[in-house]
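Working through the structure, step by step
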Amino acid sequence: MSEQGCAYYTLLVLTGPERGTMWQDVRAAGEGVVPFEFLDSTARVTFAEWYTHWLTRAERVAWQTPEA
């Protein structure tokens, strides 16, 4: 589970037919628990895809220089 803030969470399914896919708990917004999707696709996102995306973004942010 990964906490996104504002009572939103990203979840990894560990068992069953959706095993290995990422989901979002957005019950705080009244939307329930829904599959995680990248903006350009409706395909299920695996943990490896999600982690690679997160890591790439984190690295990009870490290398940005602060504005003066």
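This report concerns the structure included in the present document. All of these numbers come straight from a predicted model, not from anything done at the bench.

Glancing now at a nonpolar patch on the surface. There is a patch of nonpolar side chains on the surface, built from Leu12, Leu14, Phe47, Tyr51, Trp54 and Leu55 and spanning about 590 Å² of accessible area. Element by element, the count of residues in the nonpolar patch is highest for helix α1 (residues 47-63), at 4 residues. Looking at where leucine 55 falls in the secondary structure, it is placed in helix α1.

Before going further, it helps to examine the side chain of threonine 10. By the secondary structure assignment, threonine 10 is in strand β2 (residues 8-12). Ignoring anything within four residues of it in the chain, the contact list for threonine 10 reads Met1, Ser2, Gln4, Met22, Trp23, Phe36 and Trp50.

Turning our eyes to something else, we now look at the environment of serine 41. Position of serine 41 relative to the elements: it lies in the loop between β4 (33-35) and α1. By relative accessible area, which is 30% here, serine 41 ends up partly exposed. Only 3.0 Å separates the side chain of serine 41 from the backbone nitrogen of alanine 43, close enough to count as a polar contact.

Glancing now at the packing of aromatic side chains. Two descriptors summarise a pair of aromatic rings, namely the distance from one centre to the other and the angle between the planes of the rings. Under the counting rule described, the total for this entry stands at 4 aromatic pairs. With a centroid separation of 5.9 Å and an interplanar angle of 20°, the aromatic rings of phenylalanine 47 and tyrosine 51 are classed as stacked. With phenylalanine 47 and tyrosine 51 both in helix α1, this residue pair falls 4 residues apart, about one helical turn. Phenylalanine 47 sits in the partly exposed class, given a relative accessible area of 37%. Judged by relative accessible area, which is 37%, tyrosine 51 ranks as partly exposed. Arranged with centres 5.8 Å apart and planes meeting at 25°, the rings of tyrosine 51 and tryptophan 54 form a pair that is stacked. Remark: tryptophan 54 and tyrosine 51 occur in helix α1; sequence separation between them is 3 residues, near one turn of the helix. Residue classification places tryptophan 54 among the partly exposed residues on the basis of a relative accessible area of 44%. Every member of this aromatic cluster is reached through a ring pair, and the members are Phe47, Trp50, Tyr51 and Trp54.

How each quantity is defined
Residues numbered from 1 in each chain as written. Predicted model: local features only at pLDDT ≥ 70, side-chain atom pairs only at ≥ 80, totals over all residues. Heavy atoms only, no water. Patch = residues over 30% accessible without salt bridge, like charges linked within 9 Å, V, L, I, M, F, W, Y side chains within 5 Å. Areas by Shrake-Rupley, 256 points an atom, 1.4 Å probe, with all protein chains shown as cover. Salt bridge = Lys/Arg side-chain N within 4 Å of Asp/Glu carboxyl O. Helix = DSSP H or I, 4+ residues; strand = E, 2+ residues; numbered from the N terminus. Contact = heavy atoms within 4.5 Å. Buried < 20%, exposed > 50% of the residue type's maximum accessible area, 1.4 Å probe, protein only. Polar contact = N/O pair within 3.5 Å; in protein donor to acceptor, adjacent residues only side chain to side chain. Phe/Tyr/Trp six-rings, centres within 6.5 Å; stacked < 30°, edge-to-face > 60°.

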